[in-house]
Amino acid sequence: MTSLIILSVFGIINLFLGFLRSNKLLMPLAMLVLVIVFGANAYDWSLGTQSFFSEMLVVDRYTVAFTGIVVLTTLLLLPFSEKYVREGEANLAEYYSLLLFALVGAIMMVAYNNMLMLFIGIEILSISMYVVAGADKRNARSNEAALKYFLMGAFATGILLFGVALVYGATGTFYLSQLGAAIANPANAEFTPMLYIGILLIIIGISFKVGAAPFHFWTPDVYEGSPTFFTAYMSTVVKTAGFAAFFKLLLVGFGGAQSFWMPTVLAITILTLLIGNLGAVAQTSVKRMLAYSSISHAGYLFIALVAFDQNLSANGIFFYSLAYSVATVSAFAVLKLVADQRQREDYDGLGGLYRTNPLLAGCLTISMLSLAGIPLTGGFFGKFFVFSAAVSQGYIGLVVFALVMSMVSIYYYLRPVIAAYLRPLPVNAQPVYVSSFQSVMLVVLAILTVVLGVLPGLVSGLL
């Protein structure tokens, strides 16, 4: 709760800081606030379970763990907005405030114990993302991305809210624990179709938010059109919060109806893995490839939902989200730095990067290897924990299919690496400018990826 208050208050104060003559203080202040929030969240770990607003929000270790991921991800991402500071971006204060407000929504999605609070969290997060997707107002693709995201997001929100209304109509409660008890009660074995339609609509609505197939059509265009800095935020914080909320909803609220929704979730898993990986193979833009890659990683996280084991699935989602977020921030950071200098986002734009900027090439390599799930990186153990959860529940065929898709992903993840090391420099290409602070953060991201791959036990057993 302290984290929500700090983020909300500073988000409002930060809007007024935009009237300062210089915006150089904005990024250090935002990062300082995120460090304070991270510390306050860590302190909540020792306080046990706390509830707020008539138990509509519950802060427990599950909440603290996933809040830590989204706050840390935002903190690691902020230094790569330095270009906006150098160029004196007039709306920088508004951008930072929107990210902080989105973080408030993400934390509410992780901490909710009432479906109304889940809806409010999703809306706070989504509306902020609709705005930042169109941050580059002079770019037609950015405007298109914002419009597509808003229109399709509005439909998905309507579907989600309709599902919540139907579930409430069938059970008479918004609280997850009461909902779970009502569904699991043998006396209510024959629920009306209203409940099952409601569950299905909620699954569709949340699947859209996390970019799962076949509700993924917005993802490539929105990710490609949005400024790269905000694309990185969408593909990490939004996805982490979405899956944390999704798993809690299925486990606590809809556990008694598992036999109904499991075939749907299993079908979404297979389709997401297939479309995400095969779609990424065909891309010529690195940014668009990372968009399809984000879809495929939603499929791997869905495997943990299919496994539906309270401990193994929760730990798998937590570790996978952390490893994926760190690697994705690093990949998008390198892409942003290169694209800002060379004005292109295709594979040839990465050509000769090793010769001009070995640090960028090295960090790109580590992040790509982690996303591919290669050993000694965090991504390997992320997939290992998710696959282990599925195998423990007997989903061996699903794991074999996911392994085949992982082998497919190696092809498109190595393409940027090959371009950086083996392709020639673009005509008139200059060394990419990287500030000292950004270099330090890239090294930190690379070290985190390797540490998660060498010492996974540091965080794997927290839940």
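Everything discussed here concerns the structure shown above.
So, a few notes on the structure that sits alongside this text. (Residues numbered from 1 in each chain as written. Predicted model: local features only at pLDDT ≥ 70, side-chain atom pairs only at ≥ 80, totals over all residues. Heavy atoms only, no water.)

1. As for the overall build of the chain
Inclusion rule: We count a stretch as a helix when DSSP gives it H or I for four or more residues in a row; a strand needs E for two or more, and each element gets its number in order from the N terminus. C-alpha atoms define the radius of gyration, and 2.2 Å times the number of residues to the power 0.38 defines the globule rule. The buried label goes to any residue with under 20% of its type's maximum accessible area, the exposed label to any with over 50%, and the partly exposed label to all in between, with areas taken from a 1.4 Å probe on protein chains only. Contacts are assigned to residue pairs with any non-hydrogen atoms lying within 4.5 Å of each other. Residues counted as positive are Lys and Arg, residues counted as negative are Asp and Glu, and His and the chain ends are not counted. Charged side chains are reduced to one point each, which is NZ for Lys, CZ for Arg, CG for Asp and CD for Glu.
Secondary structure summary: the chain contains 20 helices and two strands in total. Its C-alpha radius of gyration of 21 Å places the chain within 12% of the 23 Å reference for a compact globule of 463 residues. Out of the 463 residues in the chain, the part that is buried amounts to 60%. Sequence-distant contacts, at least 24 apart, represent 80% of the contacts inside the chain between residues at least 6 apart. Side-chain charges in the chain split into 21 positive and 18 negative, and the spacing between the mean points of these groups amounts to 9 Å.

2. With respect to unusual backbone geometry
Cis geometry is found at the peptide bond from alanine 213 to proline 214, where omega equals 0°. Looking at the secondary structure, you find proline 214 in the loop between helix 9 (193–209) and helix 10 (218–225). Positive phi, close to 55°, is recorded for phenylalanine 308, a residue that is not glycine. Among the secondary structure elements, phenylalanine 308 is positioned in the loop between helix 13 (286–307) and helix 14 (310–342). For phenylalanine 308, a relative accessible area of 14% corresponds to the buried category.

3. Focus: the side chain of glutamine 438
With respect to the secondary-structure elements, glutamine 438 resides in helix 19 (residues 436–454). For glutamine 438, the contacting residues outside a window of four places in its chain are Pro79, Phe80, Glu82 and Leu337.

4. Focus on the packing of aromatic side chains
Put simply, the rule reads: Pairing of aromatic rings covers Phe, Tyr and Trp, the last counted by its six-membered ring, and requires centre-to-centre distances within 6.5 Å; plane angles under 30 degrees mean stacked, over 60 mean edge-to-face, and any other angle means tilted. To sit over a ring, a charge needs its Lys NZ or Arg CZ within 6 Å of the ring centre and within 35 degrees of the ring normal.
Scanning the model with the defined rule gives 26 aromatic pairs in all. Each ring, one from tyrosine 84 and one from phenylalanine 230, has its centre 6.3 Å from the other, and the planes form 20°; the classification is stacked. Pair noted here: tyrosine 84 is in helix 4 (residues 82–86) and phenylalanine 230 is in helix 11 (residues 228–253), with a separation of 146 residues, a long-range link. Relative accessible area serves as the criterion here: at 14%, tyrosine 84 is assigned to the buried category. When the ring of phenylalanine 380 is compared with that of phenylalanine 381, the centres are 5.1 Å apart and the planes differ by 80°; the resulting orientation is edge-to-face. Linked through ring pairs, Tyr130, Tyr149, Phe150, Phe208, Trp218 and Tyr223 together constitute an aromatic cluster. When the ring centre of tyrosine 84 is taken as reference, the NZ or CZ atom of lysine 336 above it lies at 5.4 Å.

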